[in-house]
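One-letter residues, chain by chain:
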Amino acid sequence: MAMGLEGGDYGAFMEKFELLPSQSQQQLPLHGLTFAIKDIFDISGRVTGFGNPDWARTHAPAGATSPVVLATLAAGAISIGKTVMDEMAYSINGENAHYGTPTNPCAPDRVPGGSSSGSAVAVGAKLVDFALGTDTGGSVRVPAAYCGIFGLRPSHGLVSTENVIPMSQMFDTVGWFARDLSTLSRVSNVLLPIPADNTIKRPTHFTIPKDCFEILGSLNDHTYQILNASVAKRFGNDAVDNRNLGEFVSSNVPTVEKFISDFSRSKAPSVPALSVISYVMRCLQRSEFKANHAEWVNTVKPNLGPGIRERVYEAIASEDEPMEDFHVLKTEFKLALSALVKDDGILVIPTVPGSPPKLRMEAVALENFRARAFSLLSIAGLSGFCQLSIPLGVRHGVPVSVSLVACHGADHFLLSVAQELYETLKEETKKAWSSPDSSLSHQP
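Here the residue numbering is sequential within each chain, running from 1 through the sequence in written order. For this predicted model, a pLDDT threshold of at least 70 governs which residues receive local features, and a threshold of 80 or more governs which side-chain atom pairs are given and counted, while totals over whole chains, interfaces and linings are taken from all residues. As a rule here, side-chain values cover all heavy atoms of the structure and leave hydrogens and water aside.

(A) Quick peek at the overall build of the protein chain. What counts as a helix is a DSSP run of H or I of at least four residues, what counts as a strand is a run of E of at least two, and both are numbered from the N terminus. Scanning the protein chain for helices and strands turns up 14 helices and 12 strands. The quantity called the radius of gyration is restricted to C-alpha atoms. Its globule counterpart is 2.2 Å times the number of residues to the power 0.38. Its C-alpha radius of gyration of 21 Å places the protein chain within 12% of the 22 Å reference for a compact globule of 444 residues. Exposure is judged per residue with a 1.4 Å probe applied to protein chains only, and the accessible area is read against the type maximum: over 50% gives exposed, under 20% gives buried, and values in between give partly exposed. Per-residue burial for the protein chain yields a buried fraction of 58% across its 444 residues. Surface exposure of the protein chain reaches about 17000 Å², of which carbon and sulfur atoms provide 50%. With 37 positive and 45 negative side-chain charges, the protein chain shows a separation of 4 Å between the mean positions of the two kinds. Shrake-Rupley sampling with a 1.4 Å probe provides the accessible areas, and residues are treated as covered by the protein chains on show and by no other component. Under this rule, positive means Lys or Arg and negative means Asp or Glu; His and the chain ends count for nothing. By convention, the charge on Lys lies at NZ, on Arg at CZ, on Asp at CG and on Glu at CD.

The following block contains the structure:
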């Protein structure tokens, strides 16, 4: 049943309407919760807009509803509408030239993050309890970090992407946002498959790579110190491993050597081995995007906003590259990361390289930020591992987050570790940010 609603808040919604559960029994796991849906999910009888008016104009209403949306409704939640997204899901900024940029509720002068911008804003602004998004290159993790909320990218292939417009099937995942771990876990228990062995392991080791925080992260937010102190306090000093991830990848992913010289010469702050990982993922993603959408782009010649236009047409015009080395590296990387993390370990990294970019940031500075961001985001992306972005609070007017990454299929383990660690993280964050050389603008 769908009923029209009026208005929109924070620019988060494309359209507001109610989708009600078929039954509203109080014992249903999501009873009483409201949610929003990114405009990439099909809802029967409605056009899926994919962030662009020309796409909406040239596509018929969906004939079926996404199984993820159906499962969420069947669990008792109520949808209140569809949210704004970046055009064709090809950005992590959250700016949309046609429908407007949703207002970041944590930092209104900064981008909300994309491409699931409206979904993150709707949760951050307390317009809904949780929201559905998608994450190919970072489109749940980034807006979660920018809007100061929790965002889960599940293990690749674990949650159905049927009746979701594809961006790049090799990396596409359905994810979700919430303001608290309790709600996130309720949604996760509905949408994630329950493993055959439902025994949750206790983590034995946390890899907190120094290079990811000192080169790709922000030293000003003290997250490296906060994380080391939190893990040591909760799980013991022996659980902490501070090895450099770049060195590990260089030593354990042989095909990296074929590419690394191009990135070692870069003068920008980088971890060359992770720049290779990012490059390979983006090449594979671009190839699939081209296969999915070149015909439509070349036929319709859609009006695309700045930044998106260049990216889309670059992908469409790109030569078909030999993919063998890319696929080999992808396999090697997943095996190496699996050996590092194992099924009872956690990799801890910055979600993004620092504060959300300001609205309409100058292109060169933005591209440097994007390059560092994708060096972090491609770790879970290329491996297919699950990743949870965790908000630590707002410092100097901008949200700060960290991420926990676990092995493919260890999604319930990841959530369990987050629940066990979160209170200690908050305590250590408060301590670090309120020290004499620091200031706490908002306790998490």
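(B) Focus on the side chain of threonine 83. In this structure, threonine 83 sits in strand β4 (residues 78–83). The buried category is assigned to threonine 83, whose relative accessible area is 0%. Each polar contact in these results corresponds to two N or O atoms within 3.5 Å; when the atoms are within protein, one needs to be able to donate a hydrogen and the other to accept it, and residues that are neighboring in sequence are counted only if both atoms are side-chain atoms. At 3.5 Å, the side chain of threonine 83 and the backbone nitrogen of lysine 38 are in polar contact. There is a polar contact of 2.8 Å between the side chain of threonine 83 and the side chain of serine 119. Discounting residues that sit within four places of it in the chain, threonine 83 has contacts with Ala12, Phe13, Met14, Ala36, Ile37, Lys38, Asp39, Gly118 and Ser119. In what follows, residue pairs with any heavy atoms lying within 4.5 Å of each other are defined as contacts.

(C) Local environment of the nonpolar core. Definition used in this section: a nonpolar core is a set of buried Ala, Val, Leu, Ile, Met, Phe, Trp, Tyr and Cys residues joined via side-chain atoms within 4.5 Å. With 111 residues, the main nonpolar core has Trp176, Phe206, Leu245 and Val249 as its most contacted residues. Ranked by the residues each element gives to this core, the list is headed by helix α10 (residues 272–300), at 12 residues. Core analysis: the second largest hydrophobic core is formed by 15 residues, Val121, Val128, Val140 and Phe177 among them.

(D) Spatial organisation of unusual backbone geometry. Here the amide bond leading from glycine 114 into serine 115 is cis, since omega sits at 5 degrees, within 30 degrees of zero. Positive phi values are uncommon outside glycine, yet lysine 301 reaches one of about 50 degrees. Within the secondary structure, lysine 301 sits in the loop between α10 and α11 (308–317). The phi angle at arginine 360 is positive, at roughly 55 degrees, despite the residue not being glycine.

(E) Representation of helix α8 (residues 245–252). Every buried residue of α8 is listed here: Leu245, Gly246, Phe248 and Val249. End-on view of α8: buried residues confined to an arc of 160 degrees, all on one side of the axis. Exposed residues pointing more than 90 degrees away from the buried face of α8 are listed as Glu247 and Ser251. Buried residues along α8 sit in contact with α6 (210–216), α10, α12 (324–341), β10 (345–349) and α13 (363–383). Arc definition: directions from the helix axis to the C-beta atoms.

(F) A look at the pattern of salt bridges. We define a salt bridge as a contact between a side-chain nitrogen of Lys or Arg and a carboxyl oxygen of Asp or Glu at a distance within 4 Å. In this structure the tally under the stated criterion is 19 salt bridges. Of the charged contacts in the structure, one is a salt bridge between aspartate 135 and arginine 141, with a shortest N-O distance of 2.9 Å. For the pair aspartate 135 and arginine 141, one class covers both residues: buried. Taking the shortest distance from any N to any O, the salt bridge between glutamate 423 and lysine 426 comes out at 3.2 Å. Pair noted here: glutamate 423 and lysine 426 are both in helix α14 (residues 411–433), with a separation of 3 residues, about one helical turn. The partly exposed category is assigned to glutamate 423, whose relative accessible area is 45%.

(G) Spotlight on the packing of aromatic side chains. Only the six-membered ring of Trp is used, alongside the rings of Phe and Tyr, when aromatic pairs are assigned; centres must lie within 6.5 Å, and planes under 30 degrees apart are stacked while those over 60 apart are edge-to-face, with the rest tilted. A full pass over the atoms with the stated rule returns 11 aromatic pairs. A centroid spacing of 4.9 Å and a plane angle of 35 degrees characterise the contact between phenylalanine 206 and phenylalanine 235, whose relative ring orientation is tilted. Within this pair, whereas phenylalanine 206 is found in strand β8 (residues 205–207), its partner phenylalanine 235 is found in helix α7 (residues 223–235), the two being separated by 29 residues in sequence. Judged on exposure class, the residue phenylalanine 206 and its partner phenylalanine 235 are both buried. With 5.6 Å between their ring centres and 40 degrees between their planes, phenylalanine 213 and tyrosine 224 make a pair best called tilted.

(H) Layout of the pairing of strand β5 (residues 130–135). In terms of burial, β5 is a largely internal element, 6 of the 6 residues being buried. Side chains Phe130, Leu132 and Thr134 of β5 all project onto a buried face; the interleaved residues Ala131, Gly133 and Asp135 project onto the opposite face, where all are buried too. Should DSSP find at least two bridges between two strands, the strands are taken to pair. By the bridge criterion, 3 bridges tie strand β3 (residues 34–38) to β5 in an arrangement that is parallel. When the bridges of β5 are listed, alanine 36 appears paired with alanine 131. Of the strand pairs in this sheet, β5 and strand β7 (residues 173–178) are connected by 6 bridges, and their pairing is antiparallel. Its bridge partner being in β7, alanine 131 is matched across the sheet by phenylalanine 177.

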